[in-house]
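Survey of secondary and tertiary structure
So you can see what is in the structure, the chains are spelled out below.
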Amino acid sequence: MTLMAGISPGAAEWLERARMMRREQLSKLAQLGVLVHGISQLVHMLQCERGASNVWLCSQGKLYAPECKASRALVDENLAALYAILEKQSPIAGSSVCERIGGALQNLDMLPALRDGVIQQTVTAPQAMEHYSRMLRHLLSIVPQLNDSIDDPQIAGRFVALYSLMQGKELAGQERALGAIGFTQGFFDDVTRQRLVDRIDGQQACFEIFLSHSHADVQTTFSLHCQPDRETEQLRRVACTRQPAADDGLTALAWFALQTARLEHLRTLEETLIADLMTAVEERIYRNDEYVPPADERDDPLIQYPEKPLLTLVRQQAREIEQLSRQLASLRDTLEERKVIDKAKSVLMTHQNMSEEQAWTALRKMAMDKNQRMVDIARALLMVKNLWQVIPKE
């Protein structure tokens, strides 16, 4: 009996269908890469505007006026570019993604009013930072939602690395803004110091996840260019342990310049990761169009690793995908917790006549007194209104 090589019409139809479905998924990933790039650019420019605005406000309009004007123009340019990307990609599948985009754009609608407050100096630097940071938080919250359509472990790993880097960079930007406030004023209170420590610790955790999913050359680049240098570490110690000397804002400008250089390096690395992600997707699209191997050769672990049991390989791949999913879920949970805490602070500010700093301090004190996480206290506050009377006003 002679076996003839060939594919039956039914098999050919299913293989073609598989190729078309894979191409559709990869094409969506390529579009999402464009969206992530647009978000990344806008986030960076907003971070610049936030930092410059803090220096301007803390110096009573004496420092960084040109930088404020330039950063606003760049934000407007990148915001228009993001709107154009969203218009081209509409409709975007997934209600969660659409909700995040809607929330981000709704917050960005408040940008003109915030800028007026900065220009007229009717808002304080901490208030301006809170508003800018909320806009940035909503923008960044879009990114992890885009991962739902990714089932390729290598691309998912790149995605986790990218988002972790973006989140760590935002925390580094907040560190720059908080330090600019303290050094420009010539004074760091306990609340600002604790926030600085939180941002330093938080970015380190994000960068560890990023590095665990990065190639050796990316890790080397990060180590050489994106870590705080000696002068930055010295200024960190001043900010966290003692009061800076009065020097008419010279230390503030030095701090801002050092942190800005670091953020620019992080931005360059971010661009590298986005390009790497897009290249990986394009390569898979090309391979998908060029050749679809027979089912007994494509992605068959027994052929690739004949010495290993199949069940072990399947379990290993499942664990890798599960780990990536857990890491993204953890990043999403962190964003959600911050939103809950923001809502609780808003309640205290509205109903207890507290400032933003007083509200944050009150929540933190209750969390310490009850030995609970701040987010749990915030959730309880939002659910039980009579807790307002027992929160100390400081």
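Owing to the predicted nature of the structure, the values given are computational and were not obtained by experimental measurement.

Details of the packing of helix 8 (residues 190-212) against helix 14 (residues 356-370)
One way to put it is that helix 8 packs onto helix 14 with a least axis distance of 11 Å and a crossing angle of 70°. Taken together, helix 8 and helix 14 sit at an angle that is classed as roughly perpendicular. Pair helix 8 / helix 14 crosses with left-handed handedness. Where helix 8 abuts helix 14, its residues Val191, Gln194, Arg195 and Asp198 lie against Glu356, Glu357, Trp360, Thr361 and Arg364. Grouping the amino acids of the contact of helix 8 with helix 14 by side-chain chemistry returns two nonpolar, two polar and five charged.

Section: unusual backbone geometry
Its identity as a non-glycine residue notwithstanding, Gln60 has a phi of 55°, on the positive side. If you trace the backbone, Gln60 turns up in the loop between helix 1 (9-58) and helix 2 (65-89). On the basis of relative accessible area, Gln60 is assigned to the exposed category, the value being 52%. Its identity is not glycine, yet Asp248 carries a phi of approximately 60°, on the positive side. The residue Asp248 is located in the loop between helix 10 (230-241) and helix 11 (250-290) in this model.

Quick look at the confidence of the model for the protein chain
Per-chain confidence: the protein chain averages 81 in pLDDT, with 80% of residues scoring 70 or above. No element of the protein chain has a lower mean pLDDT than helix 12 (residues 301-304), at 44, and none a higher one than helix 4 (residues 111-120), at 96. The low-confidence segment residues 294-310 (pLDDT under 50) makes 15 contacts with residues lying over four places distant or belonging to another chain.

The rules behind each value
- Residues numbered from 1 in each chain as written.
- Predicted model: local features only at pLDDT ≥ 70, side-chain atom pairs only at ≥ 80, totals over all residues.
- Heavy atoms only, no water.
- Axes fitted to C-alpha atoms, helices over the stretch in contact; angles between N-to-C directions.
- Helix = DSSP H or I, 4+ residues; strand = E, 2+ residues; numbered from the N terminus.
- Parallel < 35°, antiparallel > 145°, perpendicular 65-115°, else oblique.
- Left-handed = near helix turned anticlockwise from the far one by under 90°.
- Contact = heavy atoms within 4.5 Å.
- Nonpolar A, V, L, I, M, F, W, Y, C, P; charged D, E, K, R; others polar.
- Buried < 20%, exposed > 50% of the residue type's maximum accessible area, 1.4 Å probe, protein only.
- pLDDT = per-residue confidence, 0-100.

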